[in-house]
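What follows is each chain in one-letter form.
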Amino acid sequence: MYENINEVEKKFKISEFPLNVAIETGNYCNLNCIMCANNKLTRPKGQMSILLYKKLIDEIAQENPYTRIWLDYYGEPLLQKFKIFYMIDYAVKKGLKNISMNTNATLLDEEMAEMMLDSGIDFISIDCDGFSKEVYEKIRVNANRDVVYANIEHILRRKQERGLTKPIIEVKAMEMKENVHEIEQILQYWRERGAWTAVRRLISWGGQCEDIAPEAVDARIACGNAVGIFPITWDGRATLCVMDTNADYQCGDLNTTSIKEIWQKRNEEFVKKHMEHRFDELPEICQSCTDW
């Protein structure tokens, strides 16, 4: 089911500018999922200012409009409500070619779906970790399985009715002991309705969720999260890794410094250690992490 990790590592390259930028539009979430570190989040909650957001988008548009931006880092982006559509529109008008979002789809009602299909966003990834109501709601605490399934079905149907080629809509499941017996059923159900599908390994959020942390079963490789993703918190802090949900390991301030400057410094001080397998020199968060 999963790609050979050594083959994955061969694709890693250090880039002059990030290929993926995770922009935290806000770090609020309306769910409390059992495999998430949301209840361990101690940093302040907030929403990104439009001025900071524009600064980031302007630089990405200038440096590489094909950089993939994710309008989330930690939190549910649709809690931004209509502000998120302004953010998408600004990125589209600046010429960005790869605008993406992760969502739990609880708020993706008919109105939101039509606006999303109108928005120009390129890719929407929806988390769906159960097929039965019992399993889904055990994992995705505070969500209603039937509402979420209806929301996903609606946006897929409207995309088809409108003859749209984008956004690509992916439905993904994180495999864990609670849902492993339903994974194939989830994938088949959504494939039949026109969605892309994916399965994710269970992650520990950089070792924060010790009770669910999977054991490493392979020899360690460079971490794709470290090499390929540049995470930015809602208040403009750059962190070393998207698994650092509390932003304990910061590497720069985007309010005063450019993405490119921080990224290149991060490559020198952090990413090269991954690429050269100098794992014992990595920060503490990396030492116990198996999310690579």
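Look up a bit, the structure's there.
Residues numbered from 1 in each chain as written. Predicted model: local features only at pLDDT ≥ 70, side-chain atom pairs only at ≥ 80, totals over all residues. Heavy atoms only, no water.

K.L.:
Hey, could you run me through the pairing of strand β3 (residues 99-103) in this one?
P.N.:
On any regular strand, side chains alternate: one points to one face of the sheet, the next to the other face. When you tally the buried positions in β3, you get four out of five residues, the bulk of the element. Note on the crossover from strand β2 (residues 68-70) through helix α3 (residues 82-93) to β3: the handedness is right-handed. Note: β3 against strand β4 (residues 123-127), four bridges, orientation parallel. Bridge pairing links Thr-103 to Ile-126 in β4. (Buried < 20%, exposed > 50% of the residue type's maximum accessible area, 1.4 Å probe, protein only. Helix = DSSP H or I, 4+ residues; strand = E, 2+ residues; numbered from the N terminus. Right-handed = clockwise from strand over helix to strand, strands pointing away. Pairing = 2+ DSSP bridges.)

K.L.:
Would you mind going over empty space enclosed by the protein with me for this structure?
P.N.:
Sizing a probe to match a water molecule and rolling it over the atoms shows the empty space that remains. Evaluation of the coordinates by the stated rule reveals one cavity of 30 Å³ or more. For the largest cavity, the calculated volume is near 90 Å³. As for the largest cavity, its lining consists of 12 residues, of which Cys-223, Cys-241, Ile-285, Cys-286 and Cys-289 are closest to the centre. Breaking the lining of the largest cavity down by element, the ones donating at least two residues are α9 (259-275) and α10 (284-287). For the lining of the largest cavity, a count of residues per class yields nine nonpolar, two polar and one charged. (1 Å grid on protein atoms, 1.4 Å probe; cavity = no way out; pocket = protein on both sides within 12 Å on 5 of 7 lines; lining within 4 Å. Points joined across faces, edges and corners; volume = space filled by probe spheres on them. Nonpolar A, V, L, I, M, F, W, Y, C, P; charged D, E, K, R; others polar.)

K.L.:
I'm lost on the environment of Gly-95 in this one. Help?
P.N.:
Tracing the backbone through its elements, the reader meets Gly-95 in the loop between α3 and β3. We classify Gly-95 as partly exposed; its relative accessible area is 21%. The spatial distance from the C-alpha of Gly-95 to the C-alpha of Asn-64 is 9.8 Å, given a sequence separation of 31 residues.

K.L.:
Explain the pattern of salt bridges to me, please; I cannot follow it from the model alone.
P.N.:
Should their charged atoms come close, side chains of opposite charge can pair. Per the stated rule, a full pass over the model turns up 21 salt bridges. We note a salt bridge from Lys-94 to Asp-58, for which the minimum N-O separation is 3.6 Å. With Lys-94 in the loop between α3 and β3 and Asp-58 in helix α2 (residues 50-63), this residue pair connects regions lying 36 residues apart in the sequence. Two residues, Asp-118 and Arg-162, come together in a salt bridge whose shortest N-O distance is 2.4 Å. Residue Asp-118 is located in helix α4 (residues 110-119), and its partner Arg-162 is located in the loop between α6 (145-161) and β5 (168-174); the two are separated by 44 residues in the primary sequence. By relative accessible area, which is 31% here, Arg-162 ends up partly exposed. Salt bridges here are not isolated pairs; linked through shared partners, they connect Glu-114, Asp-118, Arg-158, Glu-161 and Arg-162. (Salt bridge = Lys/Arg side-chain N within 4 Å of Asp/Glu carboxyl O.)

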